[in-house]
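Architecture and fold: a report
Each chain, written out:
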Amino acid sequence: MPQFNINIATGRGLFPVTIGFEGERIDSITYTDGAHASPTRLLIPSPVDLHVHLRDFEQLQKETVSSGTRAALAGGICAVADMPNTVPPVADRETYERRLELMSHDAACDFVLNFCVDDKYSLSQAASVDPFFIKVFLGETTGSYVLEKGLLENVFMLRKPVAIHADIEGMREAIKYSKRYETPLHICHVSRREEVELIARHKDERITCEATPHHLFLSGGYTVKPPLGNVNDRDALWAALGTTIDIVASDHAPHTLEEKEHGAFGISGVETMLPLMVTALVRGEISFKQFYAVMHENPKRILRSHGFEFGFGIGGRADFSIVDTSETYAIDPTTFHSKAKHSPFSGMEVEARVVETWVRGKRFFTNGVCTNEARGAPIPALSKEP
Ligand code: DOR
Ligand code: ZN
Ligand code: ZN
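Scoring rules and cut-offs
- Residues numbered from 1 in each chain as written.
- Chains lettered and ligands numbered in written order.
- Predicted model: local features only at pLDDT ≥ 70, side-chain atom pairs only at ≥ 80, totals over all residues.
- Heavy atoms only, no water.
- Near = heavy atom within 4 Å.
- Polar contact = N/O pair within 3.5 Å; in protein donor to acceptor, adjacent residues only side chain to side chain.
- Areas by Shrake-Rupley, 256 points an atom, 1.4 Å probe, with all protein chains shown as cover.
- Nonpolar A, V, L, I, M, F, W, Y, C, P; charged D, E, K, R; others polar.
- Helix = DSSP H or I, 4+ residues; strand = E, 2+ residues; numbered from the N terminus.
- Buried < 20%, exposed > 50% of the residue type's maximum accessible area, 1.4 Å probe, protein only.
- Pairing = 2+ DSSP bridges.
- Contact = heavy atoms within 4.5 Å.
- Axes fitted to C-alpha atoms, helices over the stretch in contact; angles between N-to-C directions.

**Some remarks on the site of ligand 1**
- Inspection of the region around ligand 1 gives 14 residues, with Arg55, Asn85, Thr142, His165 and Lys225 positioned closest.
- Here an oxygen atom of ligand 1 and a side-chain polar atom of His53 are 3.3 Å apart.
- Backbone polar atom of Lys225 to a nitrogen atom of ligand 1: 2.8 Å apart, as the coordinates give it.
- Relative to its unbound accessible surface of 290 Å², ligand 1 loses 99% to contact with the protein.
- For the shell around ligand 1, the class distribution of residues is three nonpolar, eight polar and three charged.

**Here we look at unusual backbone geometry**
- A cis geometry characterises the amide bond from Val87 onward to Pro88, with omega recorded as -5°.
- Examined against the element boundaries, Pro88 turns out to sit in the loop between strand E6 (79–82) and helix H2 (93–106).
- The omega angle of the peptide bond from Lys225 to Pro226 is -15°, so this bond is cis rather than trans.
- One can find Pro226 in the loop between helix H7 (213–217) and helix H8 (231–240).
- Even without glycine at this site, Asp251 takes up a positive phi of about 50°.
- Within the secondary structure, Asp251 is located in the loop between strand E13 (247–248) and helix H9 (257–261).
- Overall, Asp251 belongs to the buried group, its relative accessible area being 7%.

**A closer look at the sheet that holds strand E12 (residues 207–211)**
- Taking strand neighbours across the sheet as the criterion, the six strands line up as E8-E9-E10-E11-E12-E13 in an open arrangement whose pairing is parallel. The open sheet has two free edges, formed respectively by strand E8 (115–116) and E13, since each of these has just one partner strand.
- Direction of pairing for strand E9 (residues 134–137) relative to strand E10 (residues 162–165): parallel, over a ladder of four bridges. Across the sheet, the residue bridging to Phe137 is His165, located in E10.
- Packed on one face of the sheet, helix H5 (residues 168–181) meets E10, strand E11 (185–187) and E12 and runs near 165° to E11.

**Quick word on the sheet that holds strand E7 (residues 110–113)**
- A sheet is described by the order of its strands in space; here three strands give the open sequence E5-E6-E7, paired in parallel fashion. Strands with a single pairing partner mark the edges of an open sheet, and in this sheet they are strand E5 (48–52) and E7. On average, each strand axis in the sheet is tilted by 20° relative to the strand beside it, whichever way the strands run.
- Examined bridge by bridge, E5 and E6 share three bridges and lie parallel to one another. Within E6, the position partnered with Val52 by the bridge is Asp82.

Have a look at this one:
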């Protein structure tokens with residue numbers, strides 16, 4: 001039985017533990033005196049990125065399922081949620097099944113899939129699939145998959161979890177329908193103080209939302225949708241982490257350098273999210289409680305509430321990454337595993353390097369490379385208790 005003596009990041013701080021695992025699962029977690037645990041290596045339990053555009057299909061120049069999921073592992077991420085604004089979009093049953101096959105074959109980390117509804121046909125197709133989320137674009141995005149006017153209420157009438165890309169007006173509408181039809185709603189990339197305030201006023205157990213590292217750390221000078229906010233907006237996002245804002249997700253949206261130079265929206269972000277967030281943690285800019293909520297507890301809660309079996313714990317999946325905090329280094333996008341080797345975080349100093357990523361008890365990433373064991377699978381459904 002493999003064992004680790006390490007400090008684990010929890011909501012109450014770092015604790016030295018011995019973790020034993022058997023096959024894909026964690027067998028034991030025992031608190032220790034820390035004599036065998038390096039003070040600068042932390043175990044992050046089941047880090048996941050619930051907003052990633054893996055491209056592929058007819059956009060191989062931007063990213064492939066293989067390159068994007070290897071980038072995830074290099075970023076310390078064990079599983080991703082794939083976004084459906086591909087070319088062609090994942091907006092009918094046949095393409096959904098083709099995507100599932102492609103991901104099952106090519107993904108290096110574990111995954112769940114989203115499905116896009118943009119017109120009456122995709123709405124009718126959505127009834128026959130069970131994605132993580134039905135994704136709805138209510139505002140401008142990459143690809144022209146904005147939902148046809150008048151269909152938003154029908155999407156909520158499906159009573160399947162809905163994720164939205166929207167401005168504040170769209171958020172307001174979606175919140176109204178989520179409440180009316182008791183349909184789970186996830187609001188993507190919240191970026192403005194007023195949006196945080198709106199969500200805080202209306203939040204219930206079915207409504208969740210996310211912030212991205214770029215909206216948290218940057219204000220201006222880079223093209224993303226929604227646009228970067230100002231310092232006042234960023235302050236509101238940081239203050240709401242772990243309360244109004246449930247999770248941090250990267251919105252990894254790779255483009256070629258040439259496409260970026262022509263104004264494409266999006267950031268190559270899946271490799272920098274964990275180093276940035278762990279840096280904020282070790283610098284005391286966020287508490288352990290906040291870090292654990294947005295990087296572990298809430299992503300796990302969302303996946304489990306949609307019926308997926310995910311999460312660290314005794315008897316749970318042995319998914320984790322190990323981060324070394326012994327040195328400060330500058331982010332260098334030329335080392336990215338993503339095809340998009342450029343980033344607004346280039347040159348920014350961080351204090352957390354991903355050294356290993358383990359998925360289901362196997363080492364998928366170590367010493368800067370993905371191992372031969374790195375083969376992803378769909379996150380399975382929770383088994384129903386008898
Ligand atoms: O910046 C963004 N890029 N925002 C989005 O909503 C879409 C994404 C993309 O797919 O390129
Ligand atoms: Zn979006
Ligand atoms: Zn996105």
